[in-house]
Amino acid sequence: MLKVVIAGVSGRMGHALLDGVFSDNGLQLHAALDRAGSPMLGRDAGEQFGKVTGVKITSDVAPALQGADVLVDFTRPEASMQYLQACQQANVKLVIGTTGFSEAEKSAITAAARHVGIVFAPNMSVGVTLLINLVEQAARVLNEGYDIEVVEMHHRHKVDAPSGTALRLGEAAAKGIDKALKDCAVYAREGVTGEREAGTIGFATMRGGDVVGDHTVVLAGVGERVELTHKASSRATFAQGALRAAKFLADKPSGLFDMRDVLGFAK
Ligand code: NAD
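Residues numbered from 1 in each chain as written. Predicted model: local features only at pLDDT ≥ 70, side-chain atom pairs only at ≥ 80, totals over all residues. Heavy atoms only, no water.

Caption draft 1: Region of the structure containing the pattern of salt bridges. For the structure on display, the rule yields twelve salt bridges. For R168, the salt bridge is made with E171, and the minimal N-O distance between the two is 3.7 Å. With a gap of three residues between them, R168 and E171 both fall in helix 6 (residues 164-176), about one helical turn apart. Classification of R168 by relative accessible area gives buried; the value is 17%. Of the residues examined, E171 reaches a relative accessible area of 34% and is grouped as partly exposed. (Salt bridge = Lys/Arg side-chain N within 4 Å of Asp/Glu carboxyl O. Helix = DSSP H or I, 4+ residues; strand = E, 2+ residues; numbered from the N terminus. Buried < 20%, exposed > 50% of the residue type's maximum accessible area, 1.4 Å probe, protein only.)

So, in structure tokens, the structure goes:
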């Protein structure tokens, strides 16, 4: 049985992950972490499901990691950095689903993966993993005279914008035209008037209600446009992907992987 630690256990994704662990015979809830000061500390992790697991929610990271196989993190970047360091010390693998990292924080994740196995993906769903491949392919074919716009909508509680998935889709589009996103001109409409510069990648963010996650990549040319869309209707899709990633890491002592590795998609 794979011993799993869930970080951010009282959050929206934490809830979906607990549900996934409870219904999988190959997984055992080893520990449940939440932020210091959370009203959930000291409560049984199964309480909201009417279960007694004997696992109390804690903010004490080092003891929670003792004897664990993998930590699944859906929290905030500052917390993920703390877990990254603790997992390296305790030799516990990591699935990082958190989004909103700075470039320096991403570099820290890459460096840690030399010592411990890590799956790092801003979107753990099968559908978005496929969409990343489709966008790269579309941008490769429509590589001249098409403007690329990544449109996303999420619930009103989401803190980072554009979403990690939108940025990942932007990277896929940039790769399709043999560039890195950081080398592409990014079209930002805020405070800008006048014509759009050709060959830019744009991001449009919408927030509201309880939208789990919608992403559309528009490749707009003269006389036609192609739109590639994914809509998530339940967080279970991300939780299932994250738990699949946890199992994938079982025989990976080190290395940085994404969901395309986990799902065996061509890169
Ligand atoms: P949420 O706000 O519902 O939950 C966040 C959890 O993290 C809470 O339990 C909170 O107490 C905890 N937390 C916050 N700050 C902390 C800290 N400093 N230390 C420890 N714990 C802390 O958020 P959510 O909707 O569950 O999303 C969490 C993260 O996962 C976000 O970054 C979101 O963008 C990302 N996400 C990723 C995917 C994916 O597939 N990769 C899918 C959905 C959400």
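Caption draft 2: Local environment of the site of the ligand. Around the ligand, the structure places 22 residues, and the nearest of them are M13, D34, T99, M124 and K158. Within the backbone of A121, one N or O atom sits 3.1 Å away from a nitrogen atom of the ligand. In the model, an oxygen atom of the ligand is placed 2.8 Å from a nitrogen or oxygen of the M124 main chain. In isolation the ligand exposes 870 Å². Once the protein is present, 85% of that is buried. Going through the elements one at a time, helix 1 (12-22) and helix 3 (77-90) are the ones with two or more residues in the shell around the ligand. (Near = heavy atom within 4 Å. Polar contact = N/O pair within 3.5 Å; in protein donor to acceptor, adjacent residues only side chain to side chain. Areas by Shrake-Rupley, 256 points an atom, 1.4 Å probe, with all protein chains shown as cover.)

Caption draft 3: Just the pairing of strand 5 (residues 93-96), in detail. The two faces of strand 5 match: K93 and V95 on one face and L94 and I96 on the other face are all buried. Pairing geometry for strand 4 (residues 70-73) and strand 5, over four bridges, is parallel. In the strand pairing of strand 5, V72 is matched with V95. With helix 3 bridging strand 4 and its parallel neighbour strand 5, the resulting β-α-β unit is right-handed. Pairing of strand 5 with strand 6 (residues 117-120) involves three bridges; the strand directions are parallel. Paired with L94 across the strands is I118, a residue of strand 6. (Pairing = 2+ DSSP bridges. Right-handed = clockwise from strand over helix to strand, strands pointing away.)

None of this, on its own, says anything about what the molecule does.
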